[in-house]
Amino acid sequence: MESDKKLKVGVLGVGALGRHHARLYAQSPNAEMVGIFDVQPETAAKVGAEFNLPVFSDWRQLAEKCDALSVAVPANFHAVTAIPLLEMGKHVLVEKPIEADLALAEKMVETARKNNVVLAVGHVERFNPAMDFLEKYAANTRFIEAHRLAQYPPPRPGLPRRGTEVSVVVDLMIHDIDLVLTMVDSEVEHFDVVGIPVLSKTEDIVNARIKFKNGSCASLTASRVSQEPMRRFRVFQEDCYISMDYGKHFGMVLKRNRIGLARKDVNLDEKNALAAELEDFILAVNKSRVTGQLCDAKVPGEAGLRALRLAIAIENEARRYNDQYGFKFAPCTPDELN
């Protein structure tokens, strides 16, 4: 694209994830980085200085100068931030989850549709090279096992620990929920859930076993109180077994042949999944502008909403289970954690 046709972009919220949105937009040959905004002026000033980006003290002034914006604020502020942008006719990429509240997420999707603008959701694992491989083998999936384990996030001055404004289901497991819904083309029949809060007011470790109407099953485990990080995704199909390690970008396939099982190691090509996500968003917006027809990003608002619906249902089932059996938990106080 010529420089005068580059997509004018901005970022609202430049904390742990937003700062990388700003950095990568600034590096993109297809985007003109207009500026950044954060409710914490010192955070915005620091990121602006680090990447030599204009800092705005008013989000609306930034939005008025942009064609599209990333929203990377805490999940419970996604709707209140994104909906005014969508109503202004701005294209929006909102970090996952689409929102913490289902009704507000539905309103976001409805507002985007009403204003004929792109609403993309930052389920970045869709752009992981492991998923590039798995999507080619999505057919005939019978069982999926996913583990997503992380350490408890560090404290932040004046703010809750990153992600703990929601449960681990909406914070971490939702990545794998989205991947499973992408791999299995069927409606959910039922699910069983066990989950407990450990250090937070909401669930910090959860296991969900999901049964689909086509007979496929998935077992998902997510934790944000683990010592060792893990991001693994295993797929059992009718004639093969696929194991992918997202963190190591390495996988293995065992496939049935005429004489037994053949093993193939998969060295996945390295790529920046977030950069790929942003470029996909830019491409969807530019196609929409050129053709006059709305072109969805790879993960449109409807997909983010679908993942959130199941995530909240899983979260509610964990709480119902604990209530049924009288399980009570006493999370640590902020003073105990710091």
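The shown structure was predicted, so the numbers you read here are calculated from the model rather than taken from an experiment. (Residues numbered from 1 in each chain as written. Predicted model: local features only at pLDDT ≥ 70, side-chain atom pairs only at ≥ 80, totals over all residues. Heavy atoms only, no water.)

### So, the domain arrangement of the protein
Its domain assignment divides the protein into domain 1 (5-122 + 271-298) and domain 2 (123-269 + 307-323). Relative placement of domain 1 and domain 2: their C-alpha centres are 26 Å apart. Across the boundary between the two partners, domain 1 contributes 23 residues, which contact 21 residues of domain 2. Buried surface at the junction of domain 1 and domain 2, summed over both partners, amounts to about 1800 Å²; 63% is from carbon and sulfur atoms. If you sort the residues of domain 1 by the area they bury against domain 2, Lys96, Lys271 and Lys298 come out on top, with a joint share of 36%. One can count three salt bridges joining domain 1 with domain 2. Here Glu135 ties to Lys298 by a salt bridge, and the two come within 3.6 Å at their closest N and O atoms. (Domains from an automatic or database assignment. Contact = heavy atoms within 4.5 Å. Buried area = accessible area lost by both parts, 1.4 Å probe. Salt bridge = Lys/Arg side-chain N within 4 Å of Asp/Glu carboxyl O.)

### A word on the packing of helix α7 (residues 168-183) against helix α9 (residues 301-324)
Two quantities define a packed helix pair, namely the angle between the axes and the distance from one axis to the other. Contact geometry of α7 with α9 gives a least axis separation of 9 Å together with a crossing angle of 120°. One way to sum up the angle between α7 and α9 is to call them oblique. In this structure, α7 crosses over α9, and the sense of that crossing is right-handed. Side by side, α7 and α9 meet where Val169, Val170, Met173, Ile174, Ile177, Asp178, Leu181 and Thr182 of the first sit next to Ala303, Arg306, Ala307, Leu308, Leu310, Ala311, Ile314 and Glu315 of the second. Taken together, the residues of the contact of α7 with α9 break down into twelve nonpolar, one polar and three charged. (Axes fitted to C-alpha atoms, helices over the stretch in contact; angles between N-to-C directions. Helix = DSSP H or I, 4+ residues; strand = E, 2+ residues; numbered from the N terminus. Parallel < 35°, antiparallel > 145°, perpendicular 65-115°, else oblique. Left-handed = near helix turned anticlockwise from the far one by under 90°. Nonpolar A, V, L, I, M, F, W, Y, C, P; charged D, E, K, R; others polar.)

### Focus: the UniProt feature "domain: Gfo/Idh/MocA-like oxidoreductase N-terminal" (unreviewed entry) in the protein
Under the feature "domain: Gfo/Idh/MocA-like oxidoreductase N-terminal" (unreviewed entry), the UniProt entry names residues 7-123. Along residues 7-123 the backbone is 43% helical and 22% strand, and the end-to-end C-alpha distance reaches 22 Å. (UniProt positions renumbered as here; feature names shortened; annotations may be inferred.)

### Here we look at the nonpolar core
Counting residues in hydrophobic clusters, the biggest one holds 75 residues, and the most contacted among them are Ile98, Leu134, Met173, Ile177, Met183, Phe233 and Ile314. Sorting elements by how many residues they give to this core places α7 first, with eleven residues. Split by domain, this core shows at least three residues from each of two domains, domain 1 (5-122 + 271-298) and domain 2 (123-269 + 307-323). Sequence-distant contacts of Ile177, that is, excluding residues within four places in its chain, are made with Val169, Leu220, Ala307, Leu310, Ala311 and Ile314. (Core = buried A, V, L, I, M, F, W, Y, C linked by side-chain atoms within 4.5 Å. Buried < 20%, exposed > 50% of the residue type's maximum accessible area, 1.4 Å probe, protein only.)

### Examining empty space enclosed by the protein
As enumerated under the stated definition, the model contains one cavity of 30 Å³ or more in all. Of the pockets and cavities examined, the largest cavity occupies roughly 30 Å³. Those elements giving two or more residues to the lining of the largest cavity turn out to be β5 (119-122) and α8 (273-291). Broken down by element, the lining of the largest cavity gets its largest block of residues, three residues, from α8. (1 Å grid on protein atoms, 1.4 Å probe; cavity = no way out; pocket = protein on both sides within 12 Å on 5 of 7 lines; lining within 4 Å. Points joined across faces, edges and corners; volume = space filled by probe spheres on them.)

### Overview of the sheet that holds strand β7 (residues 188-196)
Read from one edge of the open sheet, eight strands run β7-β8-β9-β6-β10-β11-β12-β13, paired in mixed fashion. Two strands in the sheet have a free side with no partner beyond their single neighbour: β7 and β13 (260-267). Within this sheet the neighbouring strands show an average axis-to-axis angle of 10°, counted without direction. When strand β8 (residues 205-212) meets strand β9 (residues 217-223), the two strands line up antiparallel, connected through seven bridges. Across the sheet, the residue bridging to Ile210 is Ala218, located in β9. (Pairing = 2+ DSSP bridges.)

### A short note on the UniProt feature "domain: GFO/IDH/MocA-like oxidoreductase" (unreviewed entry) in the protein
According to UniProt, the feature "domain: GFO/IDH/MocA-like oxidoreductase" (unreviewed entry) maps to residues 143-238 in the numbering used here. Helix makes up 17% of residues 143-238 and strand 41%, whereas the separation of the span's terminal C-alpha atoms amounts to 10 Å.

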